[in-house]
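Understanding the architecture of this molecule
This is what each chain is made of:
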Amino acid sequence: QVQLVGSGGGLVQTGDSLRLSCTGSAAIFSNYGMAWLRQGPGKERGFVAGISWSGGSTRYADSVKDRFIISRENAKNTVYLQMTSLKPEDTAVYYCAADKYGRSQPRKDNEYEYWGQGLQVTVSS
């Protein structure tokens, strides 16, 4: 049973912006913290950004701070990742994930209960 569905990946150029979206069930968005993680070529999957269930707390990886913004609209059961000033090193498969503890901080992969399908983001130089 698919719980989270992502959209918005694509091919962009250095300096461009892109917005990822992830939509799920009301049960998830009423209680779960949400996060975006990514896995670049030859790299392990890592935390990008997280947002608490209420939206009142956000966390970012240092590599994306001041360039990416995570937000959520619980009424639409959707979380977003607005990415600006994209760099080639942002090239990765991006995943949304749901944290049952409702928090924004990074967690280990096996602590996220639901995952969206991966979204390819490619930034050309």
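This report concerns the structure included in the present document. All figures in this text were calculated on a predicted structure; none of them were measured in a lab.

1. Here we look at the overall build of the chain
On a plain count of helices and strands, the chain comes out with one helix and eleven strands. Taken over C-alpha atoms, the radius of gyration comes to 13 Å for the chain, in line with the 14 Å a tight globule of 125 residues would show. The dimensions of the chain, computed from C-alpha atoms along their principal axes, are 40 × 25 × 25 Å. Looking at the chain as a whole, 43% of its 125 residues are labelled buried. A gap of 3 Å separates the mean positions of the 14 positive and 11 negative side-chain charges of the chain.

2. Things to note about the sheet that holds strand E1 (residues 4-7)
Taking strand neighbours across the sheet as the criterion, the four strands line up as E1-E3-E8-E7 in an open arrangement whose pairing is antiparallel. Whereas interior strands pair on both sides, the edge strands pair on one side only; in this sheet they are E1 and strand E7 (68-73). Ignoring which end each strand starts from, the neighbouring axes of this sheet average 15 degrees apart. As paired strands, E7 and strand E8 (residues 78-83) are joined by six bridges and run antiparallel to one another. Looking at the pairing, Phe68 lines up with Met83 of E8.

3. With respect to the nonpolar core
Counting residues in each nonpolar core, the largest one holds 28 residues, and the members touching the most others are Leu20, Met34, Trp36, Leu81, Met83 and Tyr94. Mapped onto this core, the elements with two or more residues apiece are strand E3 (18-24), helix H1 (26-29), strand E4 (33-39), strand E5 (46-51), E7, E8, strand E9 (92-99) and strand E11 (119-124). In terms of residues, this core owes the most to one element, E9, which gives four residues. In contact with Met83, not counting residues within four places along its chain, are Asp16, Ser17, Leu18, Leu20, Arg67, Phe68, Tyr94 and Val121. Core analysis: the next-biggest nonpolar cluster, separate from the first, contains five residues, Leu37, Phe47, Ala97 and Tyr112 among them.

4. With respect to the environment of Ser25
With respect to the element layout, Ser25 can be found in the loop between E3 and H1. Through-space distance from the C-alpha of Ser25 to that of Thr78 is 8.9 Å; in sequence the pair is 53 residues apart. Ignoring sequence-local partners within four residues, the contact set of Ser25 consists of Gln3 and Asn77.

5. Observations regarding the pattern of salt bridges
All told, the structure shown has six salt bridges when counted by the stated rule. Note that Lys65 is salt-bridged to Asp62, the shortest N-O span being 3.1 Å. The exposed category is assigned to Asp62, whose relative accessible area is 65%. Ionic pairing is found between Asp90 and Arg67, a salt bridge with its closest N-O pair at 2.8 Å. Remark: Arg67 occurs in the loop between strand E6 (58-60) and E7 and Asp90 occurs in the loop between E8 and E9; sequence separation between them is 23 residues. Across the pair, exposure class does not vary: Asp90 and Arg67 are buried alike. What you see here is one network of salt bridges that share partners, running through Arg38, Arg67 and Asp90.

Cut-offs and rules
Residues numbered from 1 in each chain as written. Predicted model: local features only at pLDDT ≥ 70, side-chain atom pairs only at ≥ 80, totals over all residues. Heavy atoms only, no water. Helix = DSSP H or I, 4+ residues; strand = E, 2+ residues; numbered from the N terminus. Rg over C-alpha atoms; globule rule 2.2 N^0.38 Å. Buried < 20%, exposed > 50% of the residue type's maximum accessible area, 1.4 Å probe, protein only. Lys, Arg positive; Asp, Glu negative; His and termini not counted. Charge placed at Lys NZ, Arg CZ, Asp CG, Glu CD. Pairing = 2+ DSSP bridges. Axes fitted to C-alpha atoms, helices over the stretch in contact; angles between N-to-C directions. Core = buried A, V, L, I, M, F, W, Y, C linked by side-chain atoms within 4.5 Å. Contact = heavy atoms within 4.5 Å. Salt bridge = Lys/Arg side-chain N within 4 Å of Asp/Glu carboxyl O.

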